[in-house]
Amino acid sequence: MSKPHTHDDVARCQELLGQLNEYVDGELAAELCRDLEEHMAGCADCRVVFDTLAKTITLYHQLDATPIALPADVEERLLRRLSLGAP
Ligand SMILES: [Zn+2]
């Protein structure tokens, strides 16, 4: 678990983080979503980036009366992720 990041890990992080916008837009293929979620489960760095993005989206949601067009399953995933991260 505590093994240091290898170059491959860093490349993987960058690749996955590049797909994050597509992920939250619901445009990422289900298989890639699962890859991303599995990676984030074991990668605190990516989780922080994702949580920040998810919280930003949720905040927009609360500020703007017009709901942004998040697919229901993506929103559910985000909310579940956020509640898991809550203390
Ligand atoms: Zn990562």
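Anything mentioned here points back to the structure above.
Please read all numbers here as calculations on a predicted model, not as lab measurements.

Moving on: the overall build of the chain. Across its full length, the chain carries five helices and zero strands. Ordered by position from the N terminus, the helices and strands of the chain form the series α-α-α-α-α. Here the chain, with 87 residues, has 29% of them falling under the buried criterion. Taking the contacts inside the chain whose residues are at least 6 apart along the sequence as the reference set, 60% of them involve residues at least 24 apart. Working note: accessible area of the chain is about 6,100 Å², and carbon and sulfur atoms make up 56% of it.

Attention now goes to the coordination of the zinc ion. For the zinc ion, the full set of protein donor atoms is Cys13 (SG), His39 (NE2), Cys43 (SG) and Cys46 (SG), at a range of 2.0 to 2.3 Å. Bound by four donor atoms, the zinc ion shows angles of 104 to 111° at the metal and therefore tetrahedral coordination geometry. One chain supplies every donor to the zinc ion, and in sequence these donors are spaced C-x25-H-x3-C-x2-C. In this pair, cysteine 13 sits in helix H1 (residues 7-17) while cysteine 46 sits in helix H4 (residues 44-63), placing the two residues 33 residues apart along the sequence. Residue classification places cysteine 13 among the buried positions, given a relative accessible area of 9%.

To continue, consider the side chain of aspartate 51. If you trace the backbone, aspartate 51 turns up in helix H4. As a buried residue without a salt bridge, aspartate 51 has its nearest oppositely charged side chain in lysine 55, at a separation of 5.0 Å. With residues up to four places along the chain from it excluded, the contact list for aspartate 51 reads Arg81 and Leu82.

For the rest of this paragraph, the subject is the side chain of glutamate 37. With respect to the helices and strands, the residue glutamate 37 is situated in helix H3 (residues 30-42). For glutamate 37, a relative accessible area of 19% translates into the label buried. At 2.9 Å, the side chain of glutamate 37 and the side chain of arginine 77 are in polar contact. Each residue touching glutamate 37, except ones within four places of it in the same chain, is listed here: Tyr23, Arg77 and Arg81.

What follows is about the packing of aromatic side chains. Overall, the coordinates contain one aromatic pair when judged by the stated rule. Arranged with centres 5.6 Å apart and planes meeting at 65°, the rings of tyrosine 23 and phenylalanine 50 form a pair that is edge-to-face. Note that tyrosine 23 is positioned in helix H2 (residues 20-24) and phenylalanine 50 in helix H4, a separation of 27 residues in sequence. With respect to burial, tyrosine 23 and phenylalanine 50 carry one shared label: buried.

Criteria and cut-off values
- Residues numbered from 1 in each chain as written.
- Predicted model: local features only at pLDDT ≥ 70, side-chain atom pairs only at ≥ 80, totals over all residues.
- Heavy atoms only, no water.
- Helix = DSSP H or I, 4+ residues; strand = E, 2+ residues; numbered from the N terminus.
- Buried < 20%, exposed > 50% of the residue type's maximum accessible area, 1.4 Å probe, protein only.
- Contact = heavy atoms within 4.5 Å.
- Areas by Shrake-Rupley, 256 points an atom, 1.4 Å probe, with all protein chains shown as cover.
- Donors = N, O, S within 2.8 Å, 3.2 Å for Na, K, Ca; no water.
- Tetrahedral: all angles 85-135°; square planar, octahedral: opposite > 155°, others 65-115°.
- Lys, Arg positive; Asp, Glu negative; His and termini not counted.
- Salt bridge = Lys/Arg side-chain N within 4 Å of Asp/Glu carboxyl O.
- Polar contact = N/O pair within 3.5 Å; in protein donor to acceptor, adjacent residues only side chain to side chain.
- Phe/Tyr/Trp six-rings, centres within 6.5 Å; stacked < 30°, edge-to-face > 60°.

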